[in-house]
Amino acid sequence: MEDTAVVGPPIELPIIDVSNPDDPNVGKAMLDAAAKYGFLYIDSKGTDFAADDVKRAFELSKKFFASPVEEKSTCRITPNNRGWSGMHTETLDPEHQRTGDFKEAMNFGEFKDGKAQQPLPPSLAPHEDEIGHFAALCNKTCNRVLKLLALGLQISDDFFTSRHNPQYGPTGRILRYLYYPSISSPATSSYQHDVDVRAGAHSDYGSITLLFQRPGQPGLEIRTPDGSWAPVPVQPHQLNTEPTADSGSSYPFPPILVNIGDLLSYWTDGLLKSTIHRVVFPLAEQRCENPQDRYSIAYFCHPLDSTELVPVPSDAVAAYREHCKANGIVNEQVGFGGGAGNMAPGKRAMTAYEHLESRLAATYGFKKE
């Protein structure tokens, strides 16, 4: 079944400086963006990433995806969500997709003392320290965002960060390399215009996601409240610059895109939006003589597996819940049956692990043992 929703103009998202994670005004701005769009940019200058960190991560990603299938196959993805998934392995939107996603991915779970807790393929094994360092920077950035969101909600500033601390147990966090072949690649020879996508429409499974992109490699679209699709620029026009990887711009790489995942939407009864999004073959690429492959890097931030998704003790969340009740609004953001605040009496809260397990089973067809 084809998704016939129209595609509108590019969306304009706010760019937020997270260099001061103790500023309640920044927290309020982040909360407003998360409640309105579910997506926002963070200024790369306000993070601990250096341009070389991001550049090197993309170099390692390209090196891995260019390696022989026989090598990549030594670390195929398993039910713990770690490893390599090949072309069409994922089907993120089975209702509207005739075939699986036109992409490959490599998932890295937690690093402990700089060491991966999974087998690494030959192309990446010598670079374990670099990959672990990049994952640590991602985690540090996520903690800034989570703290600011807590400030915006006027709850304890460690409410979210304490529930994401891997020192207290396992989490579902994942660093993911992504490769989307261009429309001229042999890997996309079965592509059908207006039916196939690079990544099907979905919401993210965790708390927040960081997305790193490359200039000139668009494709991400988000579903707007009116049901249309809005392209998300890699480089927002507010910056008034279009840097390349080697430019001398004050923005050494495109700002990091942040989106709210299912769990924060659940925690806040839908106040924060876990917005549906997808990755497409842009029309410009379909008409281009020399289309580019698309590479991106995502970091999926998840809380501790045992975290119970109880309502956030925020006046803003309580007010939103009452507003929904008074106006007959049903929270259908992430399919949780009304959100944490409407939990049936005597029923225990869902855990972060249970939610992740159910979403992975639907995506990959994994069977619960």
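Here, every reference points to the structure presented above.
All of these numbers come straight from a predicted model, not from anything done at the bench. (Residues numbered from 1 in each chain as written. Predicted model: local features only at pLDDT ≥ 70, side-chain atom pairs only at ≥ 80, totals over all residues. Heavy atoms only, no water.)

A. Main features of the pattern of salt bridges. Under the definition given, this model contains 15 salt bridges. Across the pair Asp-48 and Arg-144 runs a salt bridge whose closest N-O atoms are separated by 3.6 Å. With Asp-48 in the loop between strand E2 (39-42) and helix H2 (51-65) and Arg-144 in helix H4 (residues 128-153), the pair connects residues that are 96 residues apart, well separated along the chain. You can call Asp-48 partly exposed: its relative accessible area is 34%. Across the pair Glu-130 and Arg-56 runs a salt bridge, and its minimum N-O distance is 2.7 Å. (Salt bridge = Lys/Arg side-chain N within 4 Å of Asp/Glu carboxyl O. Helix = DSSP H or I, 4+ residues; strand = E, 2+ residues; numbered from the N terminus. Buried < 20%, exposed > 50% of the residue type's maximum accessible area, 1.4 Å probe, protein only.)

B. Local environment of the sheet that holds strand E3 (residues 83-85). As summarised here, the arrangement of the eight strands in space is E1-E2-E12-E9-E14-E7-E4-E3, forming an open sheet in which the pairing is mixed. Edge positions in the open sheet fall to strand E1 (15-16) and E3, since each of these has one partner strand only. The pairing of strand E9 (residues 208-213) with strand E12 (residues 256-260) spans four bridges and is classified as antiparallel. From the neighbouring strand, Ile-208 faces E12, where its bridge partner is Ile-260. Sheet contacts for helix H1 (residues 24-36): E1, E2 and E12; angle to E2, the most-contacted strand, approximately 140°. Across the sheet, H4 lies against E2, strand E4 (104-108), strand E7 (174-180), E9, E12 and strand E14 (294-301), angled at about 125° from E9, the strand it touches most. (Pairing = 2+ DSSP bridges. Contact = heavy atoms within 4.5 Å. Axes fitted to C-alpha atoms, helices over the stretch in contact; angles between N-to-C directions.)

C. Region of the structure containing H1. End to end, H1 covers 18 Å across 13 residues, agreeing with the expected 18 Å (1.5 Å per residue, within 8%). Residues of H1 that are buried make contact with E1, E2, H4 and E12. Its side-chain oxygen at 2.9 Å from the backbone nitrogen of Asn-25, Asp-23 defines the N-terminal cap of H1. A positive backbone phi angle near 80° is found at Gly-38, which sits one or two residues after H1. (Expected span 1.5 Å × (residues − 1). Polar contact = N/O pair within 3.5 Å; in protein donor to acceptor, adjacent residues only side chain to side chain.)

D. Local environment of the packing of aromatic side chains. Following the criterion strictly, the structure yields twelve aromatic pairs and no others. Look at Phe-160 and Trp-267: their rings are 5.4 Å apart centre to centre, the planes differ by 50°, and that puts the pair in the tilted class. Residue Phe-160 is found in helix H5 (residues 159-162), and its partner Trp-267 is found in helix H6 (residues 262-267); the two are separated by 107 residues along the sequence. Residue class for Phe-160 comes out buried when judged on its relative accessible area of 0%. Through successive ring pairs, a cluster of aromatic residues spans Phe-64, Phe-65, Tyr-179 and Tyr-295. (Phe/Tyr/Trp six-rings, centres within 6.5 Å; stacked < 30°, edge-to-face > 60°.)

By themselves, these observations are geometric and do not establish any function.
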